[in-house]
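Descriptive analysis of the structure
Listed here are the chains, written in short residue letters.
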Amino acid sequence: MPEPIRFLLNGEPVEVAGVAPQTTLLEWLREHRRLTGTKEGCAEGDCGACTVVVAEAGGAGLDWRPVNACIRLLPSLDGKAVFTVEGLRQRDGSLHPVQQAMVECHGSQCGFCTPGFVMSLFGLYKSAPAATRAEVDDALSGNLCRCTGYRPILAAAQRMRELPAAAGWRAPGRAADGTRTIDPEEEQIAQQLGALARPGGLDYEGAGQRWIAPGDEDALAAACAAYPDATIVAGATDVGLWVTKQHRGLGTLIHTGAARDLARIERTEAGLAIGAAASLADAFAALDNDFPELHEAWERFASAPIRASGTLGGNVANGSPIGDSMPALIALRAEVVLRRGDAKRTLPLEDFYLAYRKTALARGEFVARIVVPPRGEQLLLRAWKVSKRYDQDISAAFACFALQLAGGRVASARIGCGGVAPIPARARRTEAALQGQPWSAATAERAAQALAAEFTPIDDMRASAAYRGRVLGNLMRRLWLEGGDGRAVTRVHDAAVSEAPR
Amino acid sequence: MNDTGAALPIAATGVAHESAELHVSGRAAYTDDLPEPLGTLHVALGLSPVAHGRLRGVDLDAVCAAPGVVDVIVAADVPGVNDVGPIQHDDPILADGVVHFAGQPVFAVAATSVGAARRAARLARYDIEPLPAILTIEEALAAGSYVLPPVHVSRGDAARAIAAAPHRLSGEIASGGQDHFYLEGQVALAVPADDGGMHVHCSTQHPGEVQHMVAHALGLPSHAVVVECRRMGGGFGGKETQMSLFACVAAIFARRTGRAAKLRLDRDDDMVATGKRHAFVHRFDVGFDDDGRILGLDLTLASRCGFSADLSGPINDRAVFHADNAYWLPDVAIHSYRCRTNTVSDTAFRGFGGPQGMFAIEAVMDEVARALSRDPLDVRTVNLYGTTERNVTPFGMAVEDNIAPPLMAELARTSRYRERRAEIAAWNRESPVIRRGIALTPVKFGISFTATHYNQAGALVHVYSDGTVMLNHGGTEMGQGLFTKVRQVVARELGLPLAAIRVSASDTSKVPNASPTAASSGSDLNGMAARDACRKLRGRLAEFAARKFDCAPETVEFRDGVVHAGAHALPFAELARSAYFSRVPLSATGFYATPKIHYDRRTLSGRPFFYYAYGAAVSEVAVDTLTGEHRLLAVDILHDVGDSLNPAIDRGQIEGGFLQGWGWLAMEELCWNGRGELTTHAPSTYKIPTSRDWPDRVRIDFWPEPNREETIYRSKAVGEPPFMLALSAFHALRDAVASVADYRLAPRLDAPATDERILAAVAELRVRALR
């Protein structure tokens, strides 16, 4: 008798059996539970109308994160607490401060995107005592509104702090000074989740489809070896679309999310070792610590809810030529640890990609971790994404420059590029043009010309090949302007632009 | 009686949207949220994979055999008329004989679940003999391919005036289409009635038209079909005509199977199979004097209409009507080409051609200014309409309410436009990579449907014997706040608190033959109709109270839920109750027809508009000359809403319209490949603004003057006009690009001004500057 999926829905325990594991959380909420407050706007995690908040046991209390219900597969919620807009009203029936603020600020017009905004704001309410405009934008990066122009929603994000705080699990997660506050009710939910925890993982079957979520890396290795044709799924931020957009039956699914040891991020002698199941959000936070120059690239990576569900291992293993983590990781000399059964091997990340959507993974093998070596002295590091929109877009071009400078020369150069080749790729000719040269305007210009011609990208709806080449060259020029002796303002988002006299 | 309602501020206050609390708590029900009748079927469409071809057949064996499939229909299965064309009859529900665009519905399948229907729809095998496809405006112009004949409007002798002018220039600029991207996609639920009728719940701006289309498709009289819509998750024009096809398909299945049938498009099908804003190519030949005053203008507006007419006639008419924007064009010739292409049939979208017409003339202003090395604001200002002379539009309507000159002057002052322009120019000289730009542009937008017969509305108001009120009118709620505003009108007329008035779903069985909620007209029309109904009720109640309390009816006052009659004051509920017992009718219909308007559809002359709504905006942007990346930094808006019915809602329309306009002009790019397939059919590839795109510095003020025409409490329509304020941001981008050639040359920059187009414009301008 297979185990049911068990989780908390708006604080109440639920058990689910008989439902196909590739059922999305959104479909289950709307069609099985008739909780229709959560909406489908796009079914691909791009509009945020389906945003819910998922909490899981963290270090203290719960870890609250926004999630796109439309592409989140139901069994991946096992052992977690799901909160939807219907659960947000307070015990006395009054609106939650987030909801009340949205009403007071006229934050809804047609109202269809509103539950998603409310839940993203609730996630923010739980995670920070106050938020700057940029932090609010980041929290809302996965939510589209077509009516309001966002101004009243931004106002609500401030107003919600001025209203009397909610109580219980709905209470703000941090005190005014930023310290974590944990309401007893939240503690109780954490305990309930503790009771739901399954150290051995989940082996679920529904409607003839199997979901294997091993409890640790060794068990995962065994499952992958035993079912080499199964689809490995982590946060389902891409796999979810195979269900909702391609209407594919996925067969047996092996889920990495229950293997907690695979989500660990550790500092080792070899560098930062990021377990493949670590969320993008956690991985980027760790990388931010060592490589703060990359923060903007991570901020522009998909959206807050996608970064909460998606994993770094998934982005790397999926091998999309427009994945944004790989060019940066390649520039940072990252290595990827692959595992098949008990056998492990390590590859430089750039050697992991063989051809369009083809990686070095063998049958039954999986990405176990990504290791980023420590940074050297005098590293000039930048990563830039160019896309039609700042938030939640796919790169027309992405470039990460890692120049090791020494004595006014480029001791070594690594440039990782995305969006310009069938695979994430190093710009080796450009690197060669920099290697050993004095770090000067002339060198940078030669490198810019080399980089503009290095790849033969394609024309598509995101950009023309000509633009991609030209802009890569210009990003090299920008690197010189920022990292050389120039003092020019180089970014439309620089404070020097927004604070210029007017 | 209190005739102006001045003591009752309810209709002028920023009360929250009537559904705000339902929105934020997830309880507001949209069509897809309604409980489904037992056994409801789910429908998916099979879409043409070919842009143009002879449809020899479609093999549906695998579709029929797929799990869960209950029924499949093709064109021949339409029991009535296979057409949903709103004006011309050229819009088949399902393709018949020929497919006209990639994405055209060819068949439909009904199954027991959404997933089963969508999976089955992919199993068809099409037998289509490809025919040559016309995909672009240029190809259509070359081939003389039009959905409707070209229209020419002229005054004086443009050619002679241009030839005689001290300066002359000509050029071309393009503006792209735009997907509505309403967050709630198209959805219809058809429920068969016991007597052979049909009840359709759907997301539509025009329930009355859906009713007629469903009736025609089923071969039923109109009274057999009821269409209902409580709210839409956004419309923006995309649900003015586009719902008809989907409602008809759902209703056909409901008729055939006797089961309820629901068709909810997924986002990709919605974007591929529904019309968008018309893309335009604008060509101009202009003669002007040393001050930039336009002496003669020859303007060609060619639009991509797609394969059928839909609303392209009135949309292109409105483009012609707004090709003057706020400017006097003495000798002028405007040529409008409505190009037929093998693409989805384009449709209404906020502004309805007005934005494209204004786009053209604002580009001309910019070109003229650069050619003279003048501040574009000066050129715009000298060309503004006068108030008593130089005030007749190219189509012969006198602009009687022109407030553009003082409005623009006031905005230039409050925004410090001149100082900022100087500061920006100085800043740019020190900034080799990032360039800032600024522009001030006006909006003058004509209010009324150009289809004169649409300028009517009905309302139905019931007073129950407990004093509560049920309000219904022919308008629809798509988020714009119409229901909130009309409810405020009723509260003001009857002297009641808002809580006493319940708004109800748009329903063709309550108000018949209602016009679409479009053309910004919702509050103007339905507010007046509701007022009419309320005044009838109030008149009857006043007479009743006067008889009862022995006073003159005109002295009876309705205030704050209390009725004052002579020395008596009694709660409204008490009066309603005693009126009921005295057999006073407590239900009334209201009606309104816009006065003064008339226009000749063949010559495009007359007075198509009751009045104009005005506004102006100053936008400031930054542009990266290495990547073309850009950012909107600051916006100052001064907009004319007359005496606002609800300042919070009006402000919301201004803000939302502005950012949507910025999306159209600077971000949102629709791409088709060489086979005529839309490649941007989901939010992963089609990028509308996010919260980060809202600028840091925004100031919005209302122009402090009531509507000079007698509209509902002297308010002005606000739905569409603010959209065009974003032209200021587009011209700020052009200004930033122009800085690389020291403002002496006009950039070649089309809309949307994507990063790529901006970078190309910078490069081209630098080359041209060297010549």
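Residue positions within a chain follow its written sequence, with the count starting from 1. Chain labels run from A onward and ligand labels from 1 onward, assigned in the order the entries are written. Per-residue local features of the predicted model are confined to residues with pLDDT of at least 70, and side-chain atom pairs are confined, for both listing and counting, to 80 or more; whole-chain, interface and lining totals are unaffected and use all residues.

Let us now look at the domain arrangement of chain B. In many analyses, interface size is given as the accessible surface area lost on bringing the parts together. Residue and element names in this part refer to chain B. What fixes the domain bounds is an automatic or database domain assignment. Per the domain assignment, the segments of chain B are domain 1 (9-28 + 456-593), domain 2 (38-132 + 180-273) and domain 3 (280-450 + 600-770). Taking only C-alpha atoms into account, the centre of domain 1 sits 37 Å from that of domain 2. By definition, residue pairs are in contact when their C-beta atoms, positioned from the backbone, come within 7 Å. Between domain 1 and domain 2, the contact holds 16 residues from the first and 18 residues from the second.

Right, let's get into helix α1 (residues 25-32) of chain A. With six of eight residues buried, α1(A) is to be regarded as a mostly interior element. Here α1(A) has its buried residues at L25(A), L26(A), E27(A), W28(A), L29(A) and R30(A). Buried means a residue has 20 or more other C-beta atoms within 10 Å of its own C-beta, exposed means 12 or fewer, and partly exposed covers the counts in between; C-beta atoms are placed from the backbone. We count a stretch as a helix when DSSP gives it H or I for four or more residues in a row; a strand needs E for two or more, and each element gets its number in order from the N terminus.

As assigned here, chain A comprises domain 1 (5-195) and domain 2 (379-483). Computed from C-alpha coordinates alone, the two centres of domain 1 of chain A and domain 2 of chain A are separated by 39 Å.

This next bit is on the sheet that holds strand β22 (residues 562-565) of chain B. All names here are of chain B. The pairing criterion is simple: DSSP has to find at least two bridges between the two strands. An order of β21-β22-β23 is seen for the three strands of this open sheet, with the pairing classed as antiparallel. Among the strands making up the open sheet, the edge pair consists of β21 (557-559) and β23 (568-571). Averaged over all pairs of adjacent strands, the angle between strand axes in this sheet comes to 25°, irrespective of strand direction. What counts as an axis is a line fitted to C-alpha atoms, over the stretch in contact for a helix, and the angles between N-to-C directions run from 0 to 180 degrees. Packed onto the sheet, helix α15 (residues 522-549) meets β21, β22 and β23 and runs at close to 50° relative to β22. Its contacts with the sheet put helix α16 (residues 572-581) on β21, β22 and β23, and the angle it makes with β23 is roughly 90°.

Let us look at helix α7 (residues 217-226) of chain A. Residues and elements named next belong to chain A. Taken together, the buried positions of α7 are E217, L220, A221, A223 and C224. The arc that holds the buried residues of α7, viewed along the axis, is 165°, so those residues lie on one side. Where α7 is buried, its residues meet β7 (209-214), β8 (231-233), β9 (253-255), β12 (335-340) and β16 (366-372). In this description, the arc belongs to the directions extending from the helix axis to the C-beta atoms.

What follows concerns the interface of chain A and chain B. With 69 residues of chain A at the contact, the number on the chain B side is 77 residues. Residue assignment for the side of chain A that touches chain B shows that the elements contributing at least two residues are α2 (97-104), α3 (114-127), α5 (151-162), α17 (465-483) and α18 (495-498) of chain A. Tallying contributions element by element places α17(A) first for the side of chain A that touches chain B, with seven residues. Charged means Asp, Glu, Lys or Arg here, nonpolar means Ala, Val, Leu, Ile, Met, Phe, Trp, Tyr, Cys or Pro, and polar covers whatever is left, Gly included. Classifying every residue of the side of chain A that touches chain B gives 34 nonpolar, 20 polar and 15 charged.

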